[in-house]
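# Close look at the chain arrangement
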Amino acid sequence: RQALDQIDQQLNKPMSENCRLVFAIPAFEEGKNIRKTLEQFLGQKDRDGNPLDPDLYEIIIFDNHPKDVPKDNTEEEMNKFQKEHPKVNVLYAHKEWQAGEAGVGNARKHANDLALLRSIKRRNQSGDLILISNDADLDGISNRYVTDVVNEFDNKKELDAIAGKWTLPEYALKKPNFRAAQRLW
């Protein structure tokens, strides 16, 4: 909790009271992909096709790497995007892992824990917080992605989780562990 509090303090921006959705995106050496992923959040629309209130969601880029691997340009790419699109709530968090800690699962957990910590610090909330764990090389989201997810949870109170479409490249499907996981899913 202490480590997450330190990261949250470095973000230097509280979560909006109106935030309903957090996209937690672990990024290990994703400088080449992160901008394209963030650009897909531009132009999000509400049900009527109007621009979406940017306070409805935030994106946490959780840049992480083992201690013996230097940072790449993920932070610089995110900062460029933020300067060009200041209304999109993009936050940059960084974690350097000790030996044996690194891994996308641990990064996802920390990014989601950070989102939850930020949420409980709010005085008022406009609804349940929805956590989404996306990849840094995300491709093909619609301009109603945020609206569709919020509506799905609001209209189906029995939902606890939603799984999206898995599209894996052919080379990944040739790896037995990916193929097995995809088939099991």
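Quick note: structure is the one above.
Before going into details, it helps to say that this report is about the structure given with it. In this text the structure is predicted, and so the values were computed from the model without any measurement. (Residues numbered from 1 in each chain as written. Predicted model: local features only at pLDDT ≥ 70, side-chain atom pairs only at ≥ 80, totals over all residues. Heavy atoms only, no water.)

### Overview of the sheet that holds strand β2 (residues 57-66)
Either a parallel or an antiparallel arrangement is found when strands of a sheet pair, and the pairing is made through backbone hydrogen bonds. The following threshold applies: The pairing criterion for strands is at least two bridges between them, as found by DSSP. Numbering goes from the N terminus for both helices and strands, where a helix is a DSSP run of H or I of at least four residues and a strand is a run of E of at least two. Here an angle of 0 to 180 degrees is reported between the N-to-C directions of two axes, which are lines fitted to C-alpha atoms, with helices fitted over the stretch in contact. Every residue pair with non-hydrogen atoms within 4.5 Å of one another is taken to be in contact.
Pairing within the open sheet is parallel, and its 4 strands lie in the order β3-β2-β1-β4. The sheet is open, and its two edges are formed by β3 (90-97) and β4 (130-133), each paired on a single side. Within this sheet the neighbouring strands show an average axis-to-axis angle of 20°, counted without direction. Pairing of β2 with β3, which is carried by 8 bridges, proceeds in the parallel orientation. From the neighbouring strand, Ile-59 faces β3, where its bridge partner is Val-90. Here helix α4 (residues 104-120) sits on the sheet in contact with β1 (21-27), β2, β3 and β4, set at roughly 140° to β2.

### Structural notes on the packing of helix α1 (residues 2-11) against α4
This is how it is decided: For classification purposes, angles smaller than 35 degrees are called roughly parallel, those larger than 145 roughly antiparallel, those between 65 and 115 roughly perpendicular, and all remaining angles oblique. Crossing handedness follows the turn of the near helix against the far one: under a right angle anticlockwise gives a left-handed crossing, and clockwise gives a right-handed one. Side-chain classes are defined by residue name, with Ala, Val, Leu, Ile, Met, Phe, Trp, Tyr, Cys and Pro counting as nonpolar, Asp, Glu, Lys and Arg as charged, and the others, Gly among them, as polar.
Interaxial distance between α1 and α4 falls to 10 Å at its minimum, and their mutual angle equals 70°. Here α1 is positioned roughly perpendicular relative to α4, judged by the angle of their axes. For the element pair α1 and α4, the recorded crossing hand is right-handed. Taken together, the residues of α4 that come into contact with α1 (itself represented by Leu-4, Asp-5, Ile-7, Asp-8 and Leu-11) are His-110, Asp-113, Leu-114, Leu-117 and Arg-118. Of the residues belonging to the contact of α1 with α4, the class tally is 5 nonpolar, 1 polar and 4 charged.

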